[in-house]
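Residue-level listing of the chains:
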Amino acid sequence: MSTTIEQQHDLHATPAPRPRGTRARLLAPGWLRALWMTPLFLGIGLALVLGIRALAGWDPIWYWQPVLTVAFLTTAPLGFLAGIGCFDYWARYAVGTPTQPEDHSGHGAHSWRDYFRVNTDHKVIGTQYVVTTIFFLLAGGLLAMFVRAELARPGTQFFDPQAYNSLFSVHASLMIFLFIIPAFAGLANFVIPLMLGAPDMAFPRLNALSFWMLPIGGVIMLSSLIVGGFGAGWTGYAPLSTRGDPGSLFFQMGVQWAGASSIATALNFLVTIITMRAPGMTFWRMPLLVWANFTTSLLVVVATPFIAGSQFFAMFDRVLGTDFFTPDQGGYVLAYQHIFWFYSHPAVYIMMLPGFGIASEVISVMARKPIFGYRLMALSLMAILFLGFSVWAHHMFVSGMAGYLRVPMMITTLLIAVPTGIKVFSWLATLWEGKLHFTTPMLFALGFVSMFVIGGLSGIFLGALPIVIHTSDTYFVVAHIHYVLFGGSLFTIFAGIYYWFPKMTGRMYDERMGKLHFWLTFVGFNATFFPMHIIGVQGMQRRIADYAPEFANWNFFISVASFALGASTLIFLYNMITSWARGPRAEANPWRALTLEWQVSSPPPVFNFDEIPQVVGNPYEYGVPGARHAVLNGDRAAVEEEVRVH
Amino acid sequence: MLNPLRSEAEAFRFVLLLLGYFAAIVLAKAVLGTTAALVVFVALSVAVAAWIVRARSAA
Amino acid sequence: MTAHAPAVDVHHGEHHGPPPAHQSSRVSAPVLGMFLFIASEVMLFGSFFTAYFFVRVVNPDAPGWPPEGFHVPVFVAGVNTAILVTSSFTMHWALQSIKRGNRAGLQAGLVLTLAMGLTFLLTQMLEYARVGFAPRDTAFGSVFYGLTGLHGAHVFVGLTLLTVATVRAFRGHFSPEHHHGVEIPGIYWHFVDVMWIVVYATIYLL
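From a predicted model like this one, the values you see are computed outputs, not experimental measurements.

Visitor: A description of the overall build of chain B should follow, citing residues and the corresponding values.
Guide: On a plain count of helices and strands, chain B comes out with two helices and zero strands. Counting all 59 residues of chain B, 22% fall into the buried class. For chain B, the exposed area adds up to about 4000 Å²; of that, 76% sits on carbon and sulfur atoms.

The following block contains the structure:
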């Protein structure tokens, strides 16, 4: 990983000079400044809480709940962000001094150290995102291995039930908030400005800030394990999450950081897509990945505040003693679930739509055919967006909510299968009679389509009232969620990483190892999660550390398979690390793709394009003779020719 | 897709319109009671929605 | 959010930077970003109003609003509302002034807006001290403090943005051509105002 891409960089973006002298180094943005600013802000937070408590005469003055919430989980991370340099520009702007003119020294990465600094280059940020999220994938995966070790046999082996609850809760929270959602954001961060023909994102500094908020959320969630974790699951239902173990506080605050990060990124994507498209890049000429991230970002901007709200209420109930969810004080417990799922159902599309985009890119390129029904693909994304807001209560069919909500929610839930089905059939039609190239990204994309169909079908089961009343909270649900999130989201993330690996690193990954990784993952995944359908229907409860002996054989099988699945990730890691360090140099366009990111060198130049390209056609005209998507580098004659022909 | 809010001036106009909207509802509640307020609320909301739809199709 | 000061681009052209991006929308990026951020904020308020809705309407054994023994200062908050709405007028005036090149008007408008915002916030704090119930006193108290507190936090953010704009206005930034640094806090300020009108109507009046 230490080999860098400096050889290929345009050298007109020179690195900023290193600060000299101890004082200058302590004041320059970076890890050293973060090292003293984090405790400083921690102290400020402590003083704030203790001061207010002392002034108001509240007893005891030292009460760990507000101290933890404000000082450790809010101001100390802010101090870290300030120290590392996320706010420097804004601080200068705020006091009215002339802001430093942008000299673009923050662009590009000249050595591996630059990846550990605040960088405003969307390509560096994209790489930072992907690497960080893979770290959390490994952490979350390790927790899953612990869960399976405990479940390998009935009875209690390694973890008591409380610890077990923490394991699966932290596992799910990391995978959802720190891996799937930001991994898509990271890939999109790298690719979208390139695909649009833009030099960078609309707000590069906000982009850097939203990246750096992410590891904070992850570290907070991981460190909940120090205080015993949280047992309320990634859903954090009140009242379990509003009393008892302190770990829930880490979940509630960690979600705020990760949520703020994803809102900021989504905002950035939306503004970039709306205001920075290259000339000729109309909405109906945007690659489907851009469309997918456009709809996803709309979902994030509109829905994520609801999870922020639900976690604020739970946190207030716990820290301030409010009564949002206290029934005997006029509170309403089910309100938590309604508010939570009003975010979290759209969130499953936040975790899936970008994957649809990646699959569309990969399948069209590797089948050498135009995507079938391009406009319908984009419109079905929008349909999912709107329907996604009308189905939240299907997570609450057995919660005791108002009975009249059940049937309408069931109908909308089944309706949402229609746009999703359109997409699946469109991929199949794209494959039909195509010239298929079974590269690793293609294998993962095809694996995604087939596995997602299984997950979608079990979703229809779970959306149907008569069935879900029986299977609610069983392993059938666990099987379903892993078929859509692992077989769906994770497979597309792998597809995306392999597909853009040559573009991001400038080197080629090892194709044989990639294929081995795919097949091991594919087989291990099915061996792990398919039997869960069976034991789920037979009545094995989820989220319980022990189970009835009749499920012992299946569980043992599942655990063994899951370890193989976990081991397959090591191949992926080995492949990525060695290829990034020593892989053969990648061509600019190894997949012969038409979209704009492949028309520049691998890795792309620091400023993406010397001149903003002119878009002249659709992005998926594979196999169409003479079709062009864009004209680069001021090839005026070619532009005029294209405009004349069309 | 025409964005109805594009500048500070439009945001300011929105403040005034919203003030009128809520003033009407509150006034109806104070003078005529809750049912009347509900009627005013529904009527005004429908009027606003219709106006937005017409403005959209005209644009 | 207010980061994009056009005034800083003095040195542009001295070095080889990225090619200027193609502007594919009539709305400028910072203004659009602010409106989208406000959409997100509206949804945050939406989640608090959902809690209000559940506590007041859905809950089958909901007591009255406000419940027996609770009293909200409708008149004081009404005066406060008038102050905040007035501050929207001065904000609008500040921006119109700089658009016509009237720097004194800009400065006066911003200072007046700032003063009224501060008055609002202080009145709100005094109201908290005298209202006679705490966030932990039944779900009514929780929702009352939740919504007014969330709004108060937004007033604080708005005031911070306005302070920045004011500082820069007095340091000679902004011109009839470049005034994003005023316009964007102004948009945010109107949003704060809008949310207060909704909060006041639903919590105090209806």
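On we go.
Visitor: Now, about the interface of chain B and chain C: what can you tell me, with residues and values included?
Guide: At the junction of the two partners, chain B supplies 18 residues and chain C supplies 23 residues. Here chain B and chain C share an interface that buries about 1800 Å² over both sides, 81% of which is from carbon and sulfur atoms. Taken together, the links from chain B to chain C amount to zero salt bridges.

Visitor: Hey, could you go over the packing of aromatic side chains for me, with residue numbers and the actual values?
Guide: Applying the stated rule across the entire model yields 89 aromatic pairs over all chains. Sitting above the plane of the Tyr 93 of chain A ring, Arg 168 of chain C keeps its charged end 3.8 Å from the centroid.

Visitor: Describe the interface of chain C and chain A, listing the residues and the values that go with them.
Guide: Contacts between chain C and chain A engage 52 residues on the former and 55 residues on the latter. Interface of chain C and chain A: buried area, both sides summed, is about 4500 Å²; carbon and sulfur atoms make up 70% of it. Our count for the chain C to chain A interface comes out at zero salt bridges. On inspection of chain C and its partner chain A, the count reaches 12 residue pairs in polar contact (both at pLDDT 80 or more). Mapped by element, the contributors of at least two residues to the side of chain C that touches chain A are helix H1 (29-58) and helix H4 (138-170) of chain C. Ranked by residues supplied to the side of chain C that touches chain A, first place goes to H1 of chain C with 17 residues. Here the side of chain C that touches chain A is built from residues that sort into 28 nonpolar, 20 polar and four charged.

Visitor: Before we move on, can you summarise the arrangement of the chains with the specific residues and values?
Guide: Here two pairs of chains are in contact, and chains A and C lead that list by number of contacts. In this assembly chain A lies apart from chain B, the nearest approach of their C-alpha atoms being 11 Å.

Visitor: I'd love a proper account of the environment of Lys 423 of chain A, names of residues and values included.
Guide: All names here are of chain A. Along the chain, Lys 423 turns up in helix H14 (residues 417-431). Since its relative accessible area comes to 1%, Lys 423 is described here as buried. Spatially, the C-alpha atom of Lys 423 lies 8.6 Å from that of Leu 381, the residues being 42 residues apart in sequence. Residues in contact with Lys 423, not counting those within four places in the same chain, are Phe 356, Met 377, Ser 380, Leu 381 and Ile 384. Reaching out from Lys 423, the side chain makes a polar contact with the backbone oxygen of Met 377 at a distance of 3.0 Å.

Visitor: Just give me the short version of the confidence of the model for chain C, but keep the residues and values in it.
Guide: With 92% of its residues at a pLDDT of at least 70, chain C reaches an overall mean of 88. Taken together, the stretch residues 1-15 of chain C has pLDDT below 50 and engages in 30 contacts with residues farther than four places along the chain or on a different chain.

Visitor: Give me the packing of helix H1 (residues 8-32) of chain B against helix H5 (residues 180-205) of chain C: which residues, what numbers.
Guide: One can describe the packing of H1 of chain B onto H5 of chain C by two numbers: an axis separation of 9 Å at closest approach and a directional angle of 5 degrees. Classed by the angle they form, the pair H1 of chain B and H5 of chain C counts as roughly parallel. Residues Glu 8, Ala 11, Phe 12, Phe 14, Val 15, Leu 18, Leu 19, Phe 22, Val 26 and Lys 29 of chain B of H1 of chain B form the contact with H5 of chain C, whose participating residues are Glu 183, Gly 186, Ile 187, His 190, Asp 193, Val 194, Ile 197, Val 198, Ala 201 and Leu 205 of chain C. When grouped by side-chain class, the residues that make up the contact of H1 of chain B with H5 of chain C number 14 nonpolar, two polar and four charged.

Visitor: Can you break down the nonpolar core residue by residue, with the values?
Guide: All names here are of chain A. Counting 284 residues, the largest nonpolar core has Phe 177, Trp 427 and Trp 500 as its most contacted members. Take this core: its biggest share by element is 24 residues, from helix H6 (residues 161-196). If near-sequence neighbours (up to four positions away) are discounted, Phe 177 is found in contact with Pro 182, Leu 214, Met 221, Trp 234, Phe 251, Val 255, Ala 258, Ile 307 and Tyr 343.

Visitor: I'd love a proper account of the pattern of salt bridges, names of residues and values included.
Guide: Residues and elements named next belong to chain A. Taken as a whole and assessed by the stated rule, the structure comprises four salt bridges over all chains. Here Asp 121 ties to Lys 123 by a salt bridge, and the two come within 3.2 Å at their closest N and O atoms. Overall, the relative accessible area of 1% leaves Asp 121 in the buried class.

Visitor: Can you lay out the packing of helix H8 (residues 247-275) of chain A against helix H9 (residues 288-319) of chain A for me, pointing to particular residues and giving the numbers?
Guide: Working note: a packed helix pair is described by the angle between its axes plus the distance between those axes. Residues and elements named next belong to chain A. Packing of H8 against H9 brings their axes to within 8 Å, and their N-to-C directions diverge by 155 degrees. Classified by the angle between their axes, H8 and H9 sit roughly antiparallel to one another. The element H8 and its partner H9 pack so that their crossing is left-handed. By residue class, the composition of the contact of H8 with H9 is 23 nonpolar, nine polar and one charged.

Visitor: Give a description of the side chain of His 92 of chain C that names residues and reports values.
Guide: Topologically, His 92 of chain C is positioned in helix H2 (residues 74-99). Each residue touching His 92 of chain C, except ones within four places of it in the same chain, is listed here: Glu 8, Ala 9 and Phe 12 of chain B together with His 190 of chain C.

Visitor: For H14 of chain A, give the residues involved together with the corresponding values.
Guide: Residues and elements named next belong to chain A. The end-to-end C-alpha distance of H14, which contains 15 residues, comes to 21 Å, matching closely the 21 Å that a straight helix rising 1.5 Å per residue would cover. Residues Pro 419, Thr 420, Gly 421, Lys 423, Val 424, Ser 426, Trp 427, Thr 430 and Leu 431 constitute the buried set of H14. Against the buried residues of H14 lie helix H11 (353-367), helix H12 (374-388), helix H13 (406-415) and helix H15 (440-463). Directly beyond the C-terminal end of H14, a positive phi value near 60 degrees is found at Glu 433.

Cut-offs used in this document
Residues numbered from 1 in each chain as written. Chains lettered and ligands numbered in written order. Predicted model: local features only at pLDDT ≥ 70, side-chain atom pairs only at ≥ 80, totals over all residues. Heavy atoms only, no water. Helix = DSSP H or I, 4+ residues; strand = E, 2+ residues; numbered from the N terminus. Buried < 20%, exposed > 50% of the residue type's maximum accessible area, 1.4 Å probe, protein only. Areas by Shrake-Rupley, 256 points an atom, 1.4 Å probe, with all protein chains shown as cover. Contact = heavy atoms within 4.5 Å. Buried area = accessible area lost by both parts, 1.4 Å probe. Salt bridge = Lys/Arg side-chain N within 4 Å of Asp/Glu carboxyl O. Phe/Tyr/Trp six-rings, centres within 6.5 Å; stacked < 30°, edge-to-face > 60°. Lys NZ or Arg CZ within 6 Å of the ring centre and 35° of its normal. Polar contact = N/O pair within 3.5 Å; in protein donor to acceptor, adjacent residues only side chain to side chain. Nonpolar A, V, L, I, M, F, W, Y, C, P; charged D, E, K, R; others polar. pLDDT = per-residue confidence, 0-100. Axes fitted to C-alpha atoms, helices over the stretch in contact; angles between N-to-C directions. Parallel < 35°, antiparallel > 145°, perpendicular 65-115°, else oblique. Core = buried A, V, L, I, M, F, W, Y, C linked by side-chain atoms within 4.5 Å. Left-handed = near helix turned anticlockwise from the far one by under 90°. Expected span 1.5 Å × (residues − 1).

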